Each structure stands twice: as C-alpha cells, then as structure tokens.
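Notes for the structure review
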Amino acid sequence: TLFRSSKKRKKNQYKNIGTNNINKLREDDVVIILQDIEFAWNKKDISKVKKMWDENYSFKEILKEIKREGDELFLLLLHLARKNQIKERVGFIWGK
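Residues numbered from 1 in each chain as written. Predicted model: local features only at pLDDT ≥ 70, side-chain atom pairs only at ≥ 80, totals over all residues. Heavy atoms only, no water.

1. Considering the confidence of the model for the protein
Here the protein averages 82 in pLDDT, while 74% of its residues score no lower than 70. At the low end of the mean pLDDT range in the protein sits helix α1 (residues 19-22), at 60; at the high end sits helix α2 (residues 43-54), at 97. (pLDDT = per-residue confidence, 0-100. Helix = DSSP H or I, 4+ residues; strand = E, 2+ residues; numbered from the N terminus.)

So, in structure tokens, the structure goes:
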C-alpha cells in the first residue's frame, strides 16, 4: 500500500464507524468534511494515473498531467491502493 502499517486491517473493519452515533448528534454538532473535493473521476484519467504510477512518475508529475487538486489525486491513490489496483513502489507516493 501507499502507507506502511505495522497492523493488518480486517476487510471492512472500519466500515460505517460512527454512523450509529451520528443520529444522536444535534444538527449543529455535525461537520460534513471534504465537501470541496471532487470525488468523481473518469475511467480514462484513472487509467492514466495507474500507468504513470507504475512508470514511477512523481506525485507532482502526475498532478501536472491530470490537472487535478493534490488532495483529489491523493484520495484516488488511496482508493486504488485499498483496492489493490496499484502496488507499493520505490519512493512510495513521491516516486522518483
């Protein structure tokens, strides 16, 4: 994965953590995070990111090519790593 962890997670271990408690919160106590981030990606751009990742392009080079925000690329890479669609590489997320 992109990040080294000393513990292995069980599949879906963290799925829906807190959703039961959210109904108990008052509306003014709830914060919806990451609303300013675009989560939708087209398949062509995902394929391009995966290819560039495999070819060890740097994070900044991939950003320049796909013209997206750094946070959005980071979250895509996290998603791909969790789905085992990209592998750990030399230089980890930064590449060469």
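Still more ground to cover, so stick around.
2. Re the pattern of salt bridges
The full count for this structure, using the stated rule, is three salt bridges. Across the pair Glu 55 and Lys 51 runs a salt bridge whose closest N-O atoms are separated by 2.8 Å. Since its relative accessible area comes to 51%, Lys 51 is described here as exposed. A salt bridge links Glu 72 to Arg 68; its shortest N-O distance comes to 2.8 Å. Neither Glu 72 nor Arg 68 differs from the other in exposure class; each is buried. (Salt bridge = Lys/Arg side-chain N within 4 Å of Asp/Glu carboxyl O. Buried < 20%, exposed > 50% of the residue type's maximum accessible area, 1.4 Å probe, protein only.)

3. Some thoughts on unusual backbone geometry
Even without being a glycine, Leu 34 presents a positive backbone phi close to 60°. Note on placement: Leu 34 falls in the loop between α1 and α2. Of note, the phi angle at Lys 67 is positive, near 55°, even though the residue is not glycine. Structurally, Lys 67 can be placed in the loop between α3 (59-66) and α4 (70-82). Judged by relative accessible area, which is 69%, Lys 67 ranks as exposed.

4. Quick word on the packing of α2 against α3
Between α2 and α3, the least distance of the axes is 10 Å, while the angle of their chain directions is 155°. Considering the angle they form, α2 stands roughly antiparallel to α3. In this structure, α2 meets α3 at a crossing whose hand is right-handed. Of the residues in α3, those in contact with Lys 48, Val 49, Met 52 and Trp 53 of α2 are Glu 61, Ile 62, Glu 65 and Ile 66. Tallied by class, residues from the contact of α2 with α3 come to five nonpolar, no polar and three charged. (Axes fitted to C-alpha atoms, helices over the stretch in contact; angles between N-to-C directions. Parallel < 35°, antiparallel > 145°, perpendicular 65-115°, else oblique. Left-handed = near helix turned anticlockwise from the far one by under 90°. Contact = heavy atoms within 4.5 Å. Nonpolar A, V, L, I, M, F, W, Y, C, P; charged D, E, K, R; others polar.)

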